[in-house]
Amino acid sequence: MHIVHLTSELSPIAKVGGLGDVIHGLARQQTEKGHHVEVILPRYDIIDFEALSNLKMNMRDLWSYENSEQIHNSVWSARIDGVSLYLIEPHHTEYYFNRGKIYGEPDDIARFLYFCKTALEFLLKSRKQPDVIHIHDWPTAIVAPLLKETYHKLGLVPGGVVLTIHNLEHQGKCLARDLSRIGLRGGDFLTAGSMQDPLDPTLINLLKGGIEFSDAVTTVSPRYAEEIKTPLGGAGLHHTIIRNDRKIHGILNGIETELWNPAKDHYLIRNYNPEPSHIRNVLKNKKTNKELLLKKLHLEPTKGPLVTCITRLVHQKCPDLIKEAILYTIEKKGQFILLGSTHDKEIEKEFLKLKNNPRLQESGFIQLTFDDIFAHQLYAAADAIIIPSLYEPCGLTQMIGMRYGTVPIVRRTGGLADTVFDIDLSDKPFNMRTGFAFDFPDPTGIHWVMDRVFDCYHNDQKKWQTIMQNGFNVDFSWARSENDYEKVYKSFLNR
Ligand code: ADP
């Protein structure tokens, strides 16, 4: 199958969160399976070009359009970890992808509409006819309507389009006239069955357009596919999701088990084999990693567990509950290390204040950056990882935690509920129970779950080790998820 992913993120060269990891993992698995896979990404200035091989000019002169004006672009080709990649470089007066970041610019809508239009121009002019065009979240959602409205007539007719919803919260809302930037008559799409935003009928909703016009829609976990059909989880789009129910599929993300492998991870001081039968060695080496990390950070070792949280600090991830978990862990004589990235000044201020709280001095550490190497070391050193999200489409950190023998503590929502089964309360067989879970997103919920975590850690090490071993036994590889995506592709290709 010829599969083209159009995306705004790709790990490790352009990553903000899980979306980048998913594209890298899925595209790599599909390539290894023998599919002809191509990923198309903007040529951001932040890309680390050292991570690419075979970087060369593929198309020096690609003309695209914005507001009927011709714009000059170049397209580069490269390979990354065996996957074929194209980078679109606009020679645009607005320097769309030279902003030192991926999102968060006032003209994000214009930037990604332009990218989508130009990527389709590239496919058309290079005469590619993919079986599947796979688009991801709002930044590339417009591709589905744009293909049907414009490019089919020009001769670019893929076998079908799949939209993956990695997060429904961000929908890309804009004015109807914004669509004229890419040659669409925005007014024509302001109808309930098309791209009209359900909450503000004067606006266009790009993600909704992706849902309505794609041949299949996937979410990144089965539970999330159900949650978004409710007013609480649907962020205004639940009626759209329900109306398109027949084409919605929940496919659990995988993680790259080679990249996230404590046996080979170059960033670790002590490597260990994530196998149930190697538990003694795992415990010994995790302990060394923990001791050395605490020493490096000038933290006093205590008898309690080292808990971590590795996250973007945004509303979805519940910063207030993360704060509560930090303070409660320290009160109970554990240690806490937070690695949190944020662009929100208020949230940043809150956590800087917490950082200077005298209660944290000896047992708490907060780093407010994105730091991949530190993340690897934390997964290996920590005893537990907490993810108290309000909602979570899939979540990767709980799965990575399990792979590193770091017991996940999660709020029972979305993909967290699909992957972490409570050691005491789950109805799953005992050997499938992989962590601790709680329901209520409030301080009481945190105290309730942390009391159980501390009790198990201090008083029942055998049970603790069983949780770690159960986690090692779970198959989170992309091979499983890749098969499910293939089935979805075939569902429309066979039609
Ligand atoms: P989301 O996509 O909502 O951010 P996920 O759990 O799906 O959350 O994916 C998060 C990914 O980003 C994981 O690979 C995690 O290790 C990584 N990550 C999150 N925050 C940071 C950070 N501050 N520094 C380094 N890596 C981070």
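Before any of the text, the structure's been laid out above.
All of the points below concern the structure found in this document. Remember, it's a predicted structure, so these values are computed and weren't measured experimentally.

All right, on to the overall build of the protein chain then. Secondary structure assignment for the protein chain yields 16 helices and 17 strands. Relative to its length of 495 residues, the protein chain is compact, with a C-alpha radius of gyration of 23 Å against a globular reference of 23 Å. For the protein chain, the spread of C-alpha atoms along the principal axes amounts to about 70 × 45 × 45 Å. Counting only residues that meet the buried cut, the protein chain has 60% of its 495 residues in that class. For the protein chain, restricting intrachain contacts to residue pairs at least 6 apart in sequence, the fraction spanning at least 24 positions comes to 72%. Accessible surface, the protein chain as shown: approximately 20300 Å² in total, 51% of it carbon and sulfur. When the 58 positive and 61 negative side-chain charges of the protein chain are each reduced to one mean point, those points stand 3 Å apart.

As a structural note, the neighbourhood of the ligand is formed by 21 residues, with Gly18, Asp21, Arg312, Lys317 and Tyr379 the closest of them. In the environment of the ligand, an oxygen atom lies 2.7 Å from a nitrogen or oxygen atom belonging to the side chain of Asp21. Residue Ser341 places a side-chain N or O atom 3.5 Å away from a nitrogen atom belonging to the ligand. For the ligand, whose unbound accessible area comes to 560 Å², protein coverage reaches 94%. For the shell around the ligand, the secondary structure elements donating two or more residues are helix H1 (18-32), strand E12 (306-312), strand E13 (335-341), helix H11 (372-381) and helix H12 (397-403). A class-by-class count of the residues in the shell around the ligand yields eight nonpolar, eight polar and five charged.

Moving on to the sheet that holds strand E3 (residues 53-66). Note: strands within a sheet are paired through backbone hydrogen bonds, in either parallel or antiparallel orientation. The strand order across the open sheet built from nine strands is E3-E4-E5-E2-E1-E6-E7-E10-E11, with neighbouring strands paired in mixed fashion. Lying at the two open borders of the sheet, with one neighbouring strand each, are E3 and strand E11 (248-250). Geometrically, the sheet is characterised by an average inter-axis angle of 25 degrees between neighbouring strands, direction not taken into account. Strand direction decides the pairing type here: strand E10 (residues 216-219) and E11, joined by three bridges, are parallel. Residue Thr219 lies in a different strand from E11, and its bridge partner there is Gly250.

What follows covers the nonpolar core. Counting residues in hydrophobic clusters, the biggest one holds 88 residues, and the most contacted among them are Ile40 and Leu120. The element that contributes the greatest number of residues to this core is helix H2 (residues 108-125), accounting for eleven residues. With residues near it in sequence (within four places) discarded, Ile40 still touches Val4, His5, Leu6, Thr7, Tyr86, Ile88, Phe115, Ala119, Phe122 and Leu123. In this structure, Trp260, Leu294, Val307 and Met450 belong to the second largest nonpolar core, which totals 73 residues.

Turning to the sheet that holds E12, a few remarks are in order. Strand order in the open sheet formed by six strands is E14-E13-E12-E15-E16-E17, with parallel pairing between adjacent strands. In this open sheet, the two strands that pair with only one neighbour each are strand E14 (364-367) and strand E17 (436-438). Averaged over all pairs of adjacent strands, the angle between their axes in this sheet comes to 15 degrees, without regard to strand direction. One ladder, built from four bridges, connects strand E15 (residues 384-387) with strand E16 (residues 407-411); its direction is parallel. When the sheet's bridge partners are listed, Ile385 is paired in E16 with Pro408.

A word on the pairing of E15. Taking every second residue as pointing to the same face, both faces of E15 are buried, with Ala384 and Ile386 on one and Ile385 and Ile387 on the other. Pairing geometry for E12 and E15, over two bridges, is parallel. Looking at E15, one finds that Val307 is bridged to Ala384. A crossover connection joins E15 to the parallel E16 through H12; in handedness this β-α-β unit is right-handed.

We now examine the packing of aromatic side chains. In total, this model carries 15 aromatic pairs according to the counting rule given. Between Tyr379 and Tyr404, the aromatic rings sit 5.9 Å apart at their centres with planes inclined by 40 degrees, giving tilted as the arrangement. With Tyr379 in helix H11 and Tyr404 in the loop between H12 and E16, this residue pair connects regions lying 25 residues apart in the sequence. Residue class for Tyr404 comes out buried when judged on its relative accessible area of 0%. For Arg43, the ring lying beneath its charged end belongs to Trp76, and the centroid distance is 4.7 Å.

The first and last C-alpha atoms of helix H15 (residues 461-472) sit 17 Å apart over twelve residues, in line with the 16 Å expected at 1.5 Å per residue. On its buried side, H15 packs onto helix H8 (279-296), E15, H12, E16, E17 and helix H14 (443-459).

An α-helix turns once per 3.6 residues; consequently, residues spaced three or four apart project the same way. Counted at 1.5 Å a residue, the expected span for helix H9 (residues 319-331) with its 13 residues is 18 Å, and the 18 Å between its end C-alpha atoms agrees. Regarding H9, the residues found buried are Pro319, Leu321, Ile322, Ala325, Ile326, Leu327, Tyr328, Thr329 and Ile330. Contacts from the buried residues of H9 go to E12, E13, helix H10 (345-355), E14, E15 and H14. Remark: Lys333 follows H9 within two positions and exhibits a positive phi of approximately 70 degrees.

For the rest of this paragraph, the subject is the state of the cysteines. Within this structure, the stated rule accounts for zero disulfides. Cys116 carries a free sulfur, and the closest cysteine sulfur to it, the one in Cys174, is 11 Å from it. Judged by relative accessible area, which is 0%, Cys116 ranks as buried. For the unlinked cysteine Cys309, the closest cysteine sulfur is that of Cys318, found at 11 Å.

Scoring rules and cut-offs
- Residues numbered from 1 in each chain as written.
- Predicted model: local features only at pLDDT ≥ 70, side-chain atom pairs only at ≥ 80, totals over all residues.
- Heavy atoms only, no water.
- Helix = DSSP H or I, 4+ residues; strand = E, 2+ residues; numbered from the N terminus.
- Rg over C-alpha atoms; globule rule 2.2 N^0.38 Å.
- Buried < 20%, exposed > 50% of the residue type's maximum accessible area, 1.4 Å probe, protein only.
- Contact = heavy atoms within 4.5 Å.
- Areas by Shrake-Rupley, 256 points an atom, 1.4 Å probe, with all protein chains shown as cover.
- Lys, Arg positive; Asp, Glu negative; His and termini not counted.
- Charge placed at Lys NZ, Arg CZ, Asp CG, Glu CD.
- Near = heavy atom within 4 Å.
- Polar contact = N/O pair within 3.5 Å; in protein donor to acceptor, adjacent residues only side chain to side chain.
- Nonpolar A, V, L, I, M, F, W, Y, C, P; charged D, E, K, R; others polar.
- Pairing = 2+ DSSP bridges.
- Axes fitted to C-alpha atoms, helices over the stretch in contact; angles between N-to-C directions.
- Core = buried A, V, L, I, M, F, W, Y, C linked by side-chain atoms within 4.5 Å.
- Right-handed = clockwise from strand over helix to strand, strands pointing away.
- Phe/Tyr/Trp six-rings, centres within 6.5 Å; stacked < 30°, edge-to-face > 60°.
- Lys NZ or Arg CZ within 6 Å of the ring centre and 35° of its normal.
- Expected span 1.5 Å × (residues − 1).
- Disulfide = S-S within 2.5 Å.

By themselves these figures say nothing about function.
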